[in-house]
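# Architecture at a glance
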Amino acid sequence: MKNVTGIFHTSETKQTHRFWLTREGVEKETLSKNAEKSLYEDHSNPIWILRHSLGTNQGAEDYSSMDYEKYLSQDRKHLLEKFLTKSGIKDLVYRGINVPVPTSFYSHAVGPIHAGVIEPGHFRFIVEGEEIQNLDIRLGFQKRGLLEKMKGQNKDSISPYAEAISGDSTVAYAIAFSKAFEEAHGIQVPEEVNFARTVLLEIERIAIHIGDMGAIAGDVGYYPLQGVCAMQRGVPLGVMEALTGSRFGRGALSPGKVRLKKELTESSLNALAKRIQDVTSDVAGHFERAANKSTNRERLQICGTLTHKQLKDLGFVGMVEKCTGFSRDLRHHDSSYSLAGESINLDLDAGQMKGDAWARFYLRYEELKNSGRWLTKAIPVLKNFHKVYESFEKAKVSKAKPGVYFGTAEGWRGPVLISFSLNSSGDISEAYVRDPSVLNWHALELAVRGENIGDFPLNNKSFNLSYVGVDL
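Each value, and the rule that gives it
- Residues numbered from 1 in each chain as written.
- Predicted model: local features only at pLDDT ≥ 70, side-chain atom pairs only at ≥ 80, totals over all residues.
- Heavy atoms only, no water.
- Helix = DSSP H or I, 4+ residues; strand = E, 2+ residues; numbered from the N terminus.
- Rg over C-alpha atoms; globule rule 2.2 N^0.38 Å.
- Buried < 20%, exposed > 50% of the residue type's maximum accessible area, 1.4 Å probe, protein only.
- Contact = heavy atoms within 4.5 Å.
- Pairing = 2+ DSSP bridges.
- Axes fitted to C-alpha atoms, helices over the stretch in contact; angles between N-to-C directions.
- Salt bridge = Lys/Arg side-chain N within 4 Å of Asp/Glu carboxyl O.
- Core = buried A, V, L, I, M, F, W, Y, C linked by side-chain atoms within 4.5 Å.
- Phe/Tyr/Trp six-rings, centres within 6.5 Å; stacked < 30°, edge-to-face > 60°.
- 1 Å grid on protein atoms, 1.4 Å probe; cavity = no way out; pocket = protein on both sides within 12 Å on 5 of 7 lines; lining within 4 Å.
- Points joined across faces, edges and corners; volume = space filled by probe spheres on them.
- UniProt positions renumbered as here; feature names shortened; annotations may be inferred.

Where an unreviewed UniProt entry is consulted, the protein chain appears under the name Metal (Ni/Fe) hydrogenase large subunit, with the organism given as Leptospira haakeii.

On to the overall build of the protein chain, then. Within the protein chain one finds 18 helices and 15 strands. Here the C-alpha radius of gyration of the protein chain, 22 Å, is about what a compact globule of 472 residues would show, namely 23 Å. On the principal axes, the C-alpha backbone points of the protein chain span a range of 70 × 60 × 35 Å. Classification of the 472 residues of the protein chain by burial places 57% in the buried group.

For Gly-88, the position within the fold is in strand β6 (residues 88–89). Residue Gly-88 is classed as buried on the basis of its relative accessible area, which comes to 11%. Apart from the residues within four sequence positions on either side, Gly-88 is in contact with Tyr-40, Gln-58 and Phe-83.

So, about the sheet that holds strand β13 (residues 403–410). Taking strand neighbours across the sheet as the criterion, the three strands line up as β13-β14-β15 in an open arrangement whose pairing is antiparallel. Of all the strands in the sheet, the pair left with one neighbour each is β13 and β15 (428–434). Across the sheet, the axes of successive neighbouring strands diverge by a mean angle of 15°, strand direction being ignored. Where β13 meets strand β14 (residues 415–422), eight bridges bridge the pair, whose relative direction is antiparallel. If you follow Gly-407 over to β14, its bridge partner there is Ile-418.

We now examine the pattern of salt bridges. Two side chains carrying opposite charge are able to pair once their charged atoms lie near each other. Per the stated rule, a full pass over the model turns up 25 salt bridges. Lys-33 serves as the salt-bridge partner of Glu-36, at 3.8 Å between the closest nitrogen and oxygen. One end of the pair is Glu-36 and the other is Lys-33, both in helix α1 (residues 33–37) and three residues apart, which spans about a single turn. Salt bridges here are not isolated pairs; linked through shared partners, they connect Glu-202, Arg-205, Lys-322, Asp-329, Arg-331, Glu-367 and Glu-410.

Moving on, we get to the nonpolar core. In this structure, Phe-177, Val-199, Leu-243, Leu-260, Trp-374, Ile-379 and Phe-420 are the most contacted members of the largest nonpolar core, which totals 92 residues. The element contributing the most residues to this core is helix α8 (residues 191–219), with 13 residues. Dropping the residues within four chain positions of it, Ile-379 is found in contact with Val-199, Val-239, Leu-269, Leu-272, Ala-273 and Ile-276. In this structure, Leu-72, Leu-80, Leu-135 and Phe-316 belong to the second largest nonpolar core, which totals 60 residues.

As a further point, take the packing of aromatic side chains. Evaluated as defined, the whole model comprises 26 aromatic pairs. Where Phe-287 meets Tyr-362, the ring centres are 5.6 Å apart and the plane angle is 75°; that geometry is what we call edge-to-face. Residue Phe-287 is found in helix α11 (residues 266–291), and its partner Tyr-362 is found in helix α15 (residues 357–378); the two are separated by 75 residues along the sequence. For the residue pair Phe-287 and Tyr-362, the accessibility class agrees, reading buried in each case.

Attention now goes to the sheet that holds strand β10 (residues 131–138). On the basis of which strands lie adjacent, the open sheet formed by three strands has the order β8-β9-β10 and antiparallel pairing. A strand with exactly one partner marks an edge of an open sheet, and here the two such strands are β8 (106–110) and β10. The sheet shows a mean angle of 20° between the axes of neighbouring strands, taken without regard to direction. Across seven bridges, strand β9 (residues 122–128) lies against β10 in antiparallel orientation. In the strand pairing of β10, Arg-124 is matched with Asp-136.

Volume-wise, the largest pocket comes out at about 920 Å³. Forming the boundary of the largest pocket are 33 residues, of which Val-117, Ile-118, Lys-461, Asn-464 and Tyr-467 lie nearest the centre. Broken down by secondary-structure element, the contributors of at least two residues to the lining of the largest pocket are β8, β9, α8 and α18 (456–463).

Here, UniProt's "domain: NADH-quinone oxidoreductase subunit D" (unreviewed entry) annotation points to residues 219–466. Secondary structure across residues 219–466 comprises 47% helix and 11% strand; the distance between its end C-alpha atoms is 19 Å.

As structure tokens, then:
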């Protein structure tokens, strides 16, 4: 299976670049003029990618007179009727929305301000009794102008902008931008340097997964796991700080550079590995006790379910894809993982991956175990890093070749994708960012159909998508 997973139209060259997610990784295609003309009609291009990549401000949305069944339809023809006008396709930003509400149904608005300390987002429900019939999600409340700010940046100045795309994916985005600039400058990165990046990426993954497992447990009222995770999430963050000086890896990665503390000794690295081993074992044990409680299973199983057909037709990625039992994890193709003595295990319990909230809960447990086990072996290997890095750091860097480049990394949500065009000075003239959340917000919209309105916070937490990863 392959899906279009990003579209970057460069206004300077008037070229459109399309990115495909396949079992082998991400591939870039430059479209012909004829293909550009049929972008909207081409079924390969998910509507939400088109809206994110090419969408325009068309003011408030009014669908109140639209046939209700047609409004709910996921048929591409009906979606285009809904979102495509003579001005182009509508973007994902909230500017007001009116929805068709049948007699005896009601429209229910949540946000942009929420009860929790989270970013703003607008959720517009159509509800019958207590059952959700439809959900429309709109963002744009924290539009930061980040893509504009990236213009004029180069390999030495891009990192703070990359890290700000979505703060819980600092390492993933730093890796993606590093790969793209290293290709542009012809920088040959030693496996040991890539290996150090993967260590930080996996620490980022387990830190977020532990926090999410606790948050989901809290939403179903199982406080023993919530309390453990709230405390233990700090362990991998502490390991990240011990390695880099920052709990979230800020400033650690940039094109052609990896900054690890120089005072790391073999004994200190072994101690950090032991901390990861202990926290993995502790949290996994508490999860297993939670999973054995029938009330927890009943609350999460067959709740917020996604199907293989939706995955295939709509191009969902990352955790949303994995929870249905299918995976195109980019780590499959990263040879640097093997420097730990064995590659990372990416297998998931297929019997648990049924596309529901339980699968998204269980997936985090599986990835915690897999990443924790690998990190326990990998962290001590960093003792070889500085010797290799000192030699690499002295290598001459070539001038960047103008052109369009892209980079990817398998963040904890899924594959992050960035692309940019460089001018003759090696500066970014235009940039593109596709967070996994771009596609997966629509997965949440579909997952809650038929669910109780009171289960929305639980479903939302099971996805834990990035608001700011869309509000660039």
